[in-house]
Each structure stands twice: as structure tokens, then as C-alpha cells.
Amino acid sequence: MTTPLRNTNNTQGFFVQSALSFAVSVSAVLIGIAYLPVDRWIRAFLGIGVLYVVTSSITLAKVVRDRQESEAVVSRVDQARLEKLLTDHDLFKNDLV
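All of these numbers come straight from a predicted model, not from anything done at the bench. (Residues numbered from 1 in each chain as written. Predicted model: local features only at pLDDT ≥ 70, side-chain atom pairs only at ≥ 80, totals over all residues. Heavy atoms only, no water.)

Asks: Mind showing me how you'd approach the overall build of the protein here?
Replies: Counting secondary structure elements, the protein contains two helices and zero strands. Classification of the 97 residues of the protein by burial places 4% in the buried group. A total accessible area of about 9100 Å² is found for the protein, and carbon and sulfur atoms account for 66% of it. (Helix = DSSP H or I, 4+ residues; strand = E, 2+ residues; numbered from the N terminus. Buried < 20%, exposed > 50% of the residue type's maximum accessible area, 1.4 Å probe, protein only. Areas by Shrake-Rupley, 256 points an atom, 1.4 Å probe, with all protein chains shown as cover.)

Asks: Any chance you could explain the pattern of salt bridges here in plain terms?
Replies: It is possible for side chains of opposite charge to pair when their charged atoms get near one another. Under the definition given, this model contains two salt bridges. Close ionic contact of D66 with K62 constitutes a salt bridge, the shortest N to O distance being 2.6 Å. Of this pair, D66 and K62 both sit in helix α2 (residues 40-88), separated by four residues, roughly a single helical turn. D66 gets classed as partly exposed once you look at its relative accessible area, which sits at 28%. The salt bridge partner of D66 is R65, with a shortest N-O separation of 3.1 Å. A residue is classified by how much of its surface remains accessible, and R65, at 42% relative accessible area, is partly exposed. Here the salt bridges share partners, and the residues they tie into one network are K62, R65 and D66. (Salt bridge = Lys/Arg side-chain N within 4 Å of Asp/Glu carboxyl O.)

Asks: Explanation requested: α2 in the structure shown.
Replies: Side chains three or four residues apart in an α-helix point the same way, a direct result of the helix having 3.6 residues per turn. Taking 1.5 Å per residue as the helical rise, α2 with its 49 residues ought to reach 72 Å, and the 72 Å between its terminal C-alpha atoms agrees with that figure. Among all positions of α2, only V50, V54 and E83 are buried. Contact partners of the buried residues in α2: α1 (12-34). (Expected span 1.5 Å × (residues − 1). Contact = heavy atoms within 4.5 Å.)

Asks: What exactly am I supposed to notice about the packing of α1 against α2 here?
Replies: Each pair of packed helices gets described by two things: the angle between the helix axes and the distance between those axes. Two elements in contact, α1 and α2, have axes whose closest approach is 9 Å; the angle formed by their N-to-C orientations is 165 degrees. By the angle between their directions, the pair α1 and α2 is classed as roughly antiparallel. At the point where α1 passes α2, the crossing takes the right-handed sense. Residues F22, V26, V29, L30, I33 and A34 of α1 pack against R43, L46, G47, V50, V54 and I58 of α2. Broken down by class, the residue content of the contact of α1 with α2 amounts to ten nonpolar, one polar and one charged. (Axes fitted to C-alpha atoms, helices over the stretch in contact; angles between N-to-C directions. Parallel < 35°, antiparallel > 145°, perpendicular 65-115°, else oblique. Left-handed = near helix turned anticlockwise from the far one by under 90°. Nonpolar A, V, L, I, M, F, W, Y, C, P; charged D, E, K, R; others polar.)

Asks: Even after reading the chapter, I still don't get a nonpolar patch on the surface, so can you show me in this structure?
Replies: A contiguous nonpolar patch, built from L36, V38, I42, F45 and L46 and spanning about 410 Å² of accessible area, is present on the exposed surface. Here V38 is to be found in the loop between α1 and α2. (Patch = residues over 30% accessible without salt bridge, like charges linked within 9 Å, V, L, I, M, F, W, Y side chains within 5 Å.)

Set out below in C-alpha cells:
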């Protein structure tokens, strides 16, 4: 009656690919901002905007991960309680007599 836990570990290659992709994309945007033919104030504003988007994305990813982990724990606890109730229940016991 128990369901096996899913293995959610990522491979080392996937982690490296994700980290490199993140670094390349942020670098490309920052280099693009640096070479824009605009005033320094506009470049600074765009740089702060990119920084804000990156930190917000990381925070959102962490919150989503934490919510999924907490729901998985609650689900496992509820399932364990149900299994205990089912194993303790005797179908042939007659409480009315």
C-alpha cells in the first residue's frame, strides 16, 4: 500500500549545464547593457533591473521547491496515518455484541 518515493536528484551534467547556461545568459545581458549607446543612468537602471529579475527568479525557484517538499512530507505523514488506521482495524471484530 506504500508508494515508492520519487528520486528527484539531478545528474552532475544537468547541474553543470544549468549553471553554465545561467552564467552565459546573465553575462550576455550584462555585456549587451554595457555596450548600449545610451547614458550611464540608463545602463545603471537596466543593470539594476537585470539584478532584480535574477534575484527574484532565484527566490521564486526556492519558494516553489520548498512548497513541493512540504507538500510531499505532509502527504507522506497522512499516508502513514491512514496505513496505521487500516492495519489496526479488524474487520471481523464485532463491537455491537
